[in-house]
Amino acid sequence: MILLDGKKTSNHIKSEIASEVDKIIEDGGKRPHLAAILVGSDGASRTYVNAKVKACEKVGFHSTLIELPEKTSEEELIKSIEELNENDNIDGFIVQLPLPRHINEKRVIETIEPTKDVDGFHPSSVGKLALGLPTFISATPNGILELLRRYNIETEGKNCVVLGRSNIVGSPMSILMYQKAYPGNCTVTVCHSRTKNLKEFTLNADIIIVAIGKKEFLKEDMIKEGAVVIDVGIHRVPDASKKSGFALKGDVDFENVSKKCSYITPVPGGVGPMTIASLLSNTLKANLRI
Ligand code: GUN
């Protein structure tokens, strides 16, 4: 079994990005600038956004964090987005999800200017992705593709099962895995909460991407020997032995599944750091207008 080391790979990507930033500055260009809007005080969201801001510093980007209170109205949030759309200083920005329940997420995403949509969530970005046109690819699926690419994992003609159909991960991931490209050219099956006889699908999969949001959902009796397993899940579980008071688990029962597969991502240190590296890479593209 080979561990797909997202931490090491993302550090590699970050140093490549940092070199590109040095070149931009040497050539008299503008330093890339990412902004993030965080609404409310959800602990996990705050941790993710802080990690994104810290990663910007590491590669030499400017970053701006806009923190809005939980009770922010939809109109106020839309106004903040419109300001970022018009601010030439900002190359790209994200609105951290989930949003408080009183805010219409769809309307918020549709307000983001597509040329600054470095999360790749706007319908125009998703539509281009589905058509195989160049666009910002949402950070988690893009990070997974990059991990497959950098470990030279064969994908052509393989059976790929995507567990989960979210707009952020499962849906774009499934499209990317059947695209006529590398990584891609898979025969893709999307399974979800209403799938019957799930095991029949997962046992036939060469590559399984698990983004179902249930702790340690994928067990060893659900996969075939030698499968490639990508774990998108992240769950906090109380753990008194840790300084933080919690440990992180994925959607995969890592301890048992890892014994049976050829490649697997750990949690933490797998998909998570790759997501951040992809966001930086999208921001660099926005800065260079490519
Ligand atoms: N919430 C969970 N993942 C993401 C992400 O990739 N981007 C944003 N904006 N919110 C998220």
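Figured I'd write up the structure that's included with this text. Just so you know, these numbers come straight off a predicted model, no measurement behind them.

## Topic: the overall build of the protein chain
- The helix and strand tally for the protein chain stands at ten helices and eleven strands.
- Its C-alpha atoms give the protein chain a radius of gyration of 19 Å, near enough to 19 Å, the size a compact globule of 290 residues would have.
- For the protein chain, the C-alpha atoms occupy an extent of roughly 50 × 40 × 40 Å along the three principal directions.
- Counting across all 290 residues of the protein chain, residues that qualify as buried make up 49%.
- Across the protein chain, contacts joining residues at least 24 apart in sequence account for 70% of those joining residues at least 6 apart.
- For the protein chain, the computed accessible surface area is about 14,300 Å², with 50% contributed by carbon and sulfur atoms.
- Positive and negative side-chain charges in the protein chain, numbering 37 and 37 respectively, have mean positions lying 4 Å apart.

## Some words on the site of the ligand
- Surveying the vicinity of the ligand reveals the residues K52, V95, Q96, L97, D119 and F121.
- At 3.3 Å, a side-chain N or O of Q96 approaches a nitrogen atom of the ligand.
- In this structure, D119 approaches the ligand through a side-chain N or O atom, which is 2.6 Å from a nitrogen atom.
- Calculation on the ligand without its partners gives an accessible area of 280 Å², and the protein chains cover 82% of this total.

## Some details on helix 2 (residues 43-59)
- Relative to the 24 Å expected for 17 residues at 1.5 Å per residue, helix 2 spans 25 Å between its end C-alpha atoms, a close match to the ideal helical length.
- Residues S45, V49, K52, V53, A55, C56 and V59 constitute the buried set of helix 2. For helix 2, the angular spread of buried residues about the axis comes to 155 degrees, placing them on one side. Along helix 2, the residues that are exposed and aim more than 90 degrees away from the buried face are K54, E57 and K58.
- The elements touched by buried residues of helix 2 are helix 1 (6-26), strand 2 (33-39), strand 3 (62-68), strand 4 (92-95) and helix 10 (271-288).
- Within two residues after helix 2, G60 carries a phi angle of roughly 90 degrees, on the positive side.

## What about the pattern of salt bridges?
- For the coordinates displayed, the defined rule picks out twelve salt bridges.
- One salt bridge in this structure joins R150 and E146, with 2.7 Å as the shortest N-O distance. Residue R150 and its partner E146 are both found in helix 6 (residues 139-150); the two are separated by four residues, about one turn of the helix.
- Exposure remark for R150: the relative accessible area of 33% places this residue in the partly exposed category.
- In this structure, a network of salt bridges that share partners links the residues E16, E146, R149 and R150.

## Quick notes on the packing of helix 1 against helix 6
- Packing of helix 1 against helix 6 brings their axes to within 11 Å, and their N-to-C directions diverge by 95 degrees. Here helix 6 runs roughly perpendicular to helix 1, going by the angle between their axes. Contacts from G6, T9, H12, I13 and E16 of helix 1 reach helix 6 at E146, L147 and R150.
- When its residues are assigned to classes, the contact of helix 1 with helix 6 shows two nonpolar, three polar and three charged.

## Points about a positive patch on the surface
- Taken together, the side chains of K215, K219, K242 and K249 make up a positively charged region of the molecular surface.
- One can find K249 in strand 10 (residues 246-249).

## Digging into the nonpolar core
- I17, F61, I144, M177, I209 and I230 are the most contacted members of the largest nonpolar core, which totals 49 residues.
- Considering every element that reaches this core, the biggest residue donor is helix 10, with eight residues.

## Some points on a nonpolar patch on the surface
- Taken together, the side chains of M1, L3 and F254 present a nonpolar region at the surface, about 270 Å² in accessible area.
- Along the polypeptide, F254 turns up in helix 9 (residues 254-257).
- In this structure F254 comes out as partly exposed when scored by relative accessible area, which is 31%.

## With respect to the pairing of strand 3
- Here strand 2 pairs with strand 3 via seven bridges, running parallel. Paired with I37 across the bridge in strand 3 is I66.
- Assessed by its sense of winding, the connection that carries the chain from strand 2 through helix 2 to strand 3 is right-handed.

## Quick look at the sheet that holds strand 3
- Strand order in the open sheet made by the three strands is 3-2-4, with parallel pairing throughout. Only two strands of the sheet have a single neighbouring strand rather than two, namely strand 3 and strand 4. Direction aside, neighbouring strands of the sheet carry axes that sit 15 degrees apart on average.
- In terms of strand pairing, strand 2 meets strand 4 through four bridges, oriented parallel. Looking at the pairing, A36 lines up with I94 of strand 4.

Conventions used here
- Residues numbered from 1 in each chain as written.
- Predicted model: local features only at pLDDT ≥ 70, side-chain atom pairs only at ≥ 80, totals over all residues.
- Heavy atoms only, no water.
- Helix = DSSP H or I, 4+ residues; strand = E, 2+ residues; numbered from the N terminus.
- Rg over C-alpha atoms; globule rule 2.2 N^0.38 Å.
- Buried < 20%, exposed > 50% of the residue type's maximum accessible area, 1.4 Å probe, protein only.
- Contact = heavy atoms within 4.5 Å.
- Areas by Shrake-Rupley, 256 points an atom, 1.4 Å probe, with all protein chains shown as cover.
- Lys, Arg positive; Asp, Glu negative; His and termini not counted.
- Charge placed at Lys NZ, Arg CZ, Asp CG, Glu CD.
- Near = heavy atom within 4 Å.
- Polar contact = N/O pair within 3.5 Å; in protein donor to acceptor, adjacent residues only side chain to side chain.
- Expected span 1.5 Å × (residues − 1).
- Arc of directions from axis to C-beta.
- Salt bridge = Lys/Arg side-chain N within 4 Å of Asp/Glu carboxyl O.
- Axes fitted to C-alpha atoms, helices over the stretch in contact; angles between N-to-C directions.
- Parallel < 35°, antiparallel > 145°, perpendicular 65-115°, else oblique.
- Nonpolar A, V, L, I, M, F, W, Y, C, P; charged D, E, K, R; others polar.
- Patch = residues over 30% accessible without salt bridge, like charges linked within 9 Å, V, L, I, M, F, W, Y side chains within 5 Å.
- Core = buried A, V, L, I, M, F, W, Y, C linked by side-chain atoms within 4.5 Å.
- Pairing = 2+ DSSP bridges.
- Right-handed = clockwise from strand over helix to strand, strands pointing away.

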